[in-house]
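Close look at the chain arrangement
For reference, the chains in residue letters:
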Amino acid sequence: MANDLTQLSVLLLEDVAGDARNVRELLCGADGYCFAVSVATTLAEAATAVGMTAFDVCLADLNLPDSRGLETYARMQALAPHLPVVVLTGYDDRHFATLAVHRGAQDYLVKGQLTHDLLVRSVLYAIERKRGEEELRRLNSRLNAIVSERTAELEHIVKRLELEIAERAKAESAKDDFLSRVSHELRLPLSIIKEAISLLNDRVPGELTARQEHILVVARRNVNRLGRIINDLLNIAKIESGTLELHLEPFDFGALVADVAEDFAEGARRKGIGLRVCRGPEPLPIQADPQCIEEVMMNLIGNAMKFTAAGHITITVTDCGHEVECVVADTGVGIPAAGLPRVFEKFEQFHTAAATGERGTGLGLAITKNLVEMHGGRIWADSAVGVGSRFGFRIPKNRPNRALESADWSGRPPVRNTMPPGGQDGAATAP
Ligand SMILES: Nc1ncnc2c1ncn2[C@@H]1O[C@H](COP(=O)(O)OP(=O)(O)OP(=O)(O)O)[C@@H](O)[C@H]1O
Ligand SMILES: [Mg+2]
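Everything numeric in this text was worked out from a predicted model, so none of it was measured.

Cut-offs and rules
- Residues numbered from 1 in each chain as written.
- Chains lettered and ligands numbered in written order.
- Predicted model: local features only at pLDDT ≥ 70, side-chain atom pairs only at ≥ 80, totals over all residues.
- Heavy atoms only, no water.
- Phe/Tyr/Trp six-rings, centres within 6.5 Å; stacked < 30°, edge-to-face > 60°.
- Helix = DSSP H or I, 4+ residues; strand = E, 2+ residues; numbered from the N terminus.
- Buried < 20%, exposed > 50% of the residue type's maximum accessible area, 1.4 Å probe, protein only.
- Near = heavy atom within 4 Å.
- Polar contact = N/O pair within 3.5 Å; in protein donor to acceptor, adjacent residues only side chain to side chain.
- Nonpolar A, V, L, I, M, F, W, Y, C, P; charged D, E, K, R; others polar.
- Patch = residues over 30% accessible without salt bridge, like charges linked within 9 Å, V, L, I, M, F, W, Y side chains within 5 Å.
- Areas by Shrake-Rupley, 256 points an atom, 1.4 Å probe, with all protein chains shown as cover.
- Salt bridge = Lys/Arg side-chain N within 4 Å of Asp/Glu carboxyl O.
- Lys, Arg positive; Asp, Glu negative; His and termini not counted.
- Charge placed at Lys NZ, Arg CZ, Asp CG, Glu CD.
- Pairing = 2+ DSSP bridges.
- Axes fitted to C-alpha atoms, helices over the stretch in contact; angles between N-to-C directions.
- Contact = heavy atoms within 4.5 Å.
- 1 Å grid on protein atoms, 1.4 Å probe; cavity = no way out; pocket = protein on both sides within 12 Å on 5 of 7 lines; lining within 4 Å.
- Points joined across faces, edges and corners; volume = space filled by probe spheres on them.
- Right-handed = clockwise from strand over helix to strand, strands pointing away.

Moving on: the packing of aromatic side chains. Here the structure, examined in full by the defined rule, presents three aromatic pairs. Look at Phe253 and Phe393: their rings are 6.1 Å apart centre to centre, the planes differ by 85°, and that puts the pair in the edge-to-face class. Residue Phe253 is located in helix 7 (residues 253–271), and its partner Phe393 is located in strand 12 (residues 388–396); the two are separated by 140 residues in the primary sequence. For Phe253, a relative accessible area of 0% puts it in the buried group.

Attention now moves to the site of ligand 1. In the vicinity of ligand 1, 22 residues are found, and the nearest of them are Asn303, Lys306, Gln349, Phe350 and His351. Lys306 places a polar side-chain atom, nitrogen or oxygen, 2.8 Å from an oxygen atom of ligand 1. When contributions to the shell around ligand 1 are tallied by element, the ones reaching two or more residues are helix 8 (290–306), helix 9 (364–374) and strand 12. Ranked by residues supplied to the shell around ligand 1, first place goes to helix 8 with three residues. A class-by-class count of the residues in the shell around ligand 1 yields eight nonpolar, nine polar and five charged.

Moving on: a negative patch on the surface. On the surface, a cluster of negative charge is made up of Asp259, Glu262, Asp263 and Glu294. Counting residues per element, the negative patch draws most heavily on helix 7, at three residues. Topologically, Glu294 is positioned in helix 8. Classification of Glu294 as partly exposed rests on a relative accessible area of 33%.

Reading across the sheet, the five strands line up as 2-1-3-4-5 and stay open at both edges, with parallel pairing between neighbours. Lying at the two open borders of the sheet, with one neighbouring strand each, are strand 2 (34–40) and strand 5 (107–110). Ignoring which end each strand starts from, the neighbouring axes of this sheet average 25° apart. Across four bridges, strand 3 (residues 57–61) lies against strand 4 (residues 85–89) in parallel orientation. Residue pairing for strand 4: Asp61 is matched across the bridge by Leu88. In the packing of helix 4 (residues 94–102) onto the sheet, contacts are made with strand 4 and strand 5, and the angle to strand 5 comes to roughly 165°.

All right, on to empty space enclosed by the protein then. One water molecule sets the probe size; rolling that probe over the atoms shows where empty space is left. Scanning the entire structure with this criterion turns up two cavities of 30 Å³ or more. Of the volumes computed, that of the second largest cavity is approximately 40 Å³. In terms of lining, the second largest cavity is formed by Leu62, Asn63, Gly69, Val87, Thr89, Asp93 and Phe96. The residue makeup of the lining of the second largest cavity, split by class, is three nonpolar, three polar and one charged.

Together, Leu154, Ile157, Leu161 and Ile165 make up an exposed nonpolar region whose accessible area comes to about 360 Å². Note on placement: Leu161 falls in helix 5 (residues 116–201). Leu161 gets classed as partly exposed once you look at its relative accessible area, which sits at 39%.

Taking strand neighbours across the sheet as the criterion, the five strands line up as 7-9-10-12-11 in an open arrangement whose pairing is mixed. One side of each edge strand has no neighbouring strand; the edge strands of this open sheet are strand 7 (274–278) and strand 11 (378–384). This sheet shows a mean twist of 10° between the axes of neighbouring strands, independent of strand direction. Pairing analysis gives eight bridges linking strand 9 (residues 312–320) to strand 10 (residues 323–330), with the strands arranged antiparallel. Bridge pairing links Ile315 to Val328 in strand 10. Sheet strands in contact with helix 7 are strand 7, strand 9, strand 10 and strand 12, and its direction is about 170° off that of strand 7.

Before going further, it helps to spend a moment on the pairing of strand 2. As paired elements, strand 1 (residues 7–13) and strand 2 share seven bridges and run parallel to each other. Opposite Val10, over in strand 2, you have Val37 as the bridge partner. Considered for its hand, the β-α-β crossover made up of strand 1, helix 1 (residues 17–27) and strand 2 is right-handed.

Any functional reading would require information beyond the geometric quantities listed.
Structure below.
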């Protein structure tokens, strides 16, 4: 097949010598083109010819000694599927020619009406159109190959994901079983120890010496701490496994914040630090899980108390339209800039010991962040060492009521910290 459109190789399928000569002559002397015409008088000859030469086009009379009508076109196409065919027809059998065009022949020409221009234009057009069709077919099959490749990849990914999901579900359910067992196994002996301490405290077995009383205080403090750690660990595990569900109900956000702050008032007074809540006079009704929001506030105010030795803690509640915001600002030790990006991660602690000397678990803020996000909200922090910290969060007033089944928060610890003195003026933050 010629790459150069000016050098074209034509297979002329024509058993009538006069017609063949006529076509040959008409193709001669075309401006800028050179047609090399090979004549086959039967389909059998055509088969041999296409086996030996790569033709650019075939001009075919459909009525041959060894094949007639449409069958000639069909057999020719089978012999050389990529060869463009222009049907040459007599006046009377144009019907077959039309059918051949419907089946893929490029054109048909009536022999008695052939002219040089008509023939050359039809041949060139047939070649071009066939090339276009071939290119389209090539692109199409490439596209199909790409689509099947991608589909296979996607199927593979989907299968892998399904497997992963199934495995994860299995692991989650194993984890849940483990958690409830651990919860039971740890809480039960702990409550027995607490009971024993409380009996000693009530002097049931008899009076205690000063030294025994001191040991009892240490034991009680550490048992309480152990209880908090167990609860925190179980709570974060529950949150992470998605088994903790929210109990949404309407309540006054500002009032809840004020109530939690009130629980810290005595501790703040003893430390000599200021503690105030700034909120509007109007109630701020929201739909959320009050226990969770209480936990969030306890963690944030508890931290502010724990890490503020002097100065003040200001809790600001703001109505932000569809959301409510609460910012807890303190004048405490602050958090080193390098640590701030990790402040909501589990077990990240940036101070060797809180001013009280009591060490937390490093889970409070991780739990807090999760609880805020479960409400569709966000939390942020800003801090400067020696200046203070600001922790703020926003939650929608009306969270879509998705998960309303009960969650076991019965063992949640109350506020954890009460603190000693020190500190200066507050750092600023923005959502
Ligand atoms: N208001 C704050 N001022 C200074 N440092 C803070 C403040 N809040 C948190 N941090 C730092 O971030 C760390 C992580 O806080 P987080 O509440 O998660 O843990 P924790 O208070 O140490 O322990 P717990 O699990 O009992 O809450 C703290 O140990 C402290 O170093
Ligand atoms: Mg904390």
